[in-house]
Amino acid sequence: MTGRPEAAPLVPALTPAWPDRAAWGTAPLLRAWQTAAIEQYFTRQPRDFLAVATPGAGKTTFALSVAAELLGRRLVDRITIVAPTEHLKLQWAEAAGRAGIPIDPTYAAGKGKTSTDYLGIAVTYAGVGVNPLAMRIRTERFKTLVILDEVHHAGDAMSWGEGVREAFEPATRRLALTGTPFRSDVNPIPFVTYAPGDDGIPRSVADFTYGYAHALADHVVRPVLFMAYSGEMQWRTRAGDEIAAQLGEPLTKDLTNQALRTALDPGGAWIPSVLTAADMRLSEVRRHVPDAGGLVIATDQDSARSYAKTLRQITGVAPALVLSDEKLASKKIAAFTTGDARWMVAVRMVSEGVDVPRLAVGVYATTTSTPLFFHQAVGRFVRARARGETASIFLPSVPTLLGHASEMEVERDHVLGRRITHEDDIFAAERELLAQAEAGDSASGDEGLPFEALGSEARFDRVLYDGGEFGHAGDVRVGSEEEMDFLGIPGLLEPDQMRELLQQRQSDRARKQRAVKPDPDTVVEVTTHEQLAILRRELNGLVAAWHHRTGQAHGITHAALRKECGGPAAAVANADQLQARILRVREWAARKTS
């Protein structure tokens, strides 16, 4: 529910209008959505309350405001905060301290009593899973409010969910928070209510929802400019076959994963090209936002170290390198947050919940492509500080990631599973599992297979912004004037100004192409490789347009084209097969518009 109850406000309401808004974790006033959620909470007085708010909206401030009110009314006398990581425990304790609620982030299950100076503790989900009985005893001793931050993590492991349920079942109040689409598995999250939808499938029910679209309209979060890069990839498979393919073109799941891994290989040319472009974008942003920072999210620690080395070569300055197993990881993040360094490179340490408001440019250089991780990672860049700020995220031009980018404003619930609608359809479950395998929530499923990246080159593909696509369909070399048209967009622009500027750049590009169109009598010779690349880009552009017109998934369209026009599923289709598929899509589009 998102409606505002009639009860009088408990705290002064602060509208989302500029320039005065609440600072994270410290503000004496609240944003309008926080006030509305608090009013609803104290009107209903529930034992369990689930608040879903987009990353950057201020869930921490909301939760601590509720906690302070409950303590003031003596409805609870202790607070237990459960967070996903050790760093987030410290972050919660610092925010609570600024709100006048002393929290002990060093507590461990079985430790016993804490100092009487503290009103509560902060623990991790893993810590609760180790000794839930000790946490239960503590919960029973006091009237306890339990704050479950990013509650979907209670389903990361079966033992975690069971531990959370056992430890906090006696709690006086439980406040669950999340800012991302729920998990794609079928494990119910403890203390979350589920109700069947119109299709009979149980879905999570939030007590209060404040989505990205709403927060964007309220100027609470930044809009995101997604800069997608494609390019030619070459690799050798475990069978010894050498494959060359365009990143982002229709491939099987395994080939798509291998193409993505080739692009992200530190030894290729794709990563240095994209990091150079991202650093140029950061320089443009820093002309208007002097302390703006950038973050590279890597797949693993070896890649992170290599990316950091490349960035040092590009910028002349070593970036902050944050590895999760380092004792100083939290201190490095804190130092980067308060400093003015240009870049930080991390694996997963900064992907969720960590607050670095000055992050403005990101490079999504990880094979992890689940909706949950993608939205949490992008959430690190959307916290707005001043009017006109825009986040810029560089990412591989892979259908899964482009789909996530185009669906930033879609609100999701946790779906517990799907039922077979026809009793005699005994193969329905198998077909669904096959479809899920083909879709591939994560591109990292085959990382253990033998694989050798041979080479890569980057091409600027397109920009995704506000549900629209702008660019040149992967036909722009890195460092070209056309790429700079987008990298050089001013660092401070209103959303409407950004949209108009992108449309203008697109129109200018189209006019230039028409102006330099060769004489019809002139024969332009191209190699077979170039011809195939041109045809693939044209086909992918037409399929993308068909997707936006009909809603049909890219993979389904390509499968239908292969069935009707012939040719293999991989990237080795010849020119005749590609041309046949292009003609077929055009025929479909003509019938659709007639």
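Since the structure is predicted, the reported quantities are computational estimates derived from the model, not experimental observations.

A.B. asks: Let's hear about the nonpolar core: which residues, and what values?
C.D. replies: One finds F62, I79, F226, W270 and F394 to be the most contacted residues of the largest nonpolar core, which totals 121 residues. In this structure, F394 is in contact with M227, Y229, V274, A277, A278, R281, V361, G362, V363, Y364 and L487, ignoring residues within four places of it in sequence. V52, V164, A171 and Y194 belong to the second largest nonpolar core, which has 23 residues in total.

A.B. asks: Talk me through helix α9 (residues 270–286); I want residue IDs and the actual numbers.
C.D. replies: Compared with the 24 Å implied by 1.5 Å per residue over 17 residues, the 24 Å span of α9 between its first and last C-alpha is a close match. Counting buried positions along α9 gives 13 out of 17 residues, so the element sits mostly inside the fold.

A.B. asks: Got a sec to walk through the sheet that holds strand β20 (residues 452–456)? Specific residues and values, please.
C.D. replies: Overall, antiparallel pairing links the 3 strands, which are arranged β14-β13-β20 in an open sheet. At either end of the open sheet lies a strand with only one pairing partner, and these are β14 (242–246) and β20. On average, adjacent strands in this sheet sit at an angle of 20° to one another, irrespective of strand direction. Bridge count for strand β13 (residues 232–236) against β20 is 4 bridges, and the pairing is antiparallel.

A.B. asks: Provide a residue-level description of the environment of K309, including the pertinent values.
C.D. replies: As for its placement among the helices and strands, K309 is situated in helix α10 (residues 301–315). Taking the relative accessible area as the measure of exposure, K309 reaches 59% and is therefore exposed. Between the C-alpha atom of K309 and that of L321, which follows or precedes it by 12 residues, the distance is 9.8 Å.

A.B. asks: Which residues make up the environment of T193, and what values do they have?
C.D. replies: Take T193: it is sitting in the loop between β8 (173–178) and β9 (194–196). Those residues within four positions of T193 in sequence are excluded, and the remaining contacts are R203, S204 and V205.

A.B. asks: Describe unusual backbone geometry, naming the residues involved and giving the relevant values.
C.D. replies: A negative phi holds for most residues other than glycine; trans holds for most peptide bonds. Its identity is not glycine, yet Q45 carries a phi of approximately 55°, on the positive side. In this fold, Q45 is placed in the loop between α1 (32–44) and β3 (48–53). Judged by its relative accessible area of 29%, Q45 is partly exposed. A positive phi angle, close to 60°, is found at R74, a residue other than glycine. Of note, R74 is situated in the loop between α2 (59–72) and β4 (78–83).

Parameters and conventions
- Residues numbered from 1 in each chain as written.
- Predicted model: local features only at pLDDT ≥ 70, side-chain atom pairs only at ≥ 80, totals over all residues.
- Heavy atoms only, no water.
- Core = buried A, V, L, I, M, F, W, Y, C linked by side-chain atoms within 4.5 Å.
- Buried < 20%, exposed > 50% of the residue type's maximum accessible area, 1.4 Å probe, protein only.
- Contact = heavy atoms within 4.5 Å.
- Helix = DSSP H or I, 4+ residues; strand = E, 2+ residues; numbered from the N terminus.
- Expected span 1.5 Å × (residues − 1).
- Pairing = 2+ DSSP bridges.
- Axes fitted to C-alpha atoms, helices over the stretch in contact; angles between N-to-C directions.

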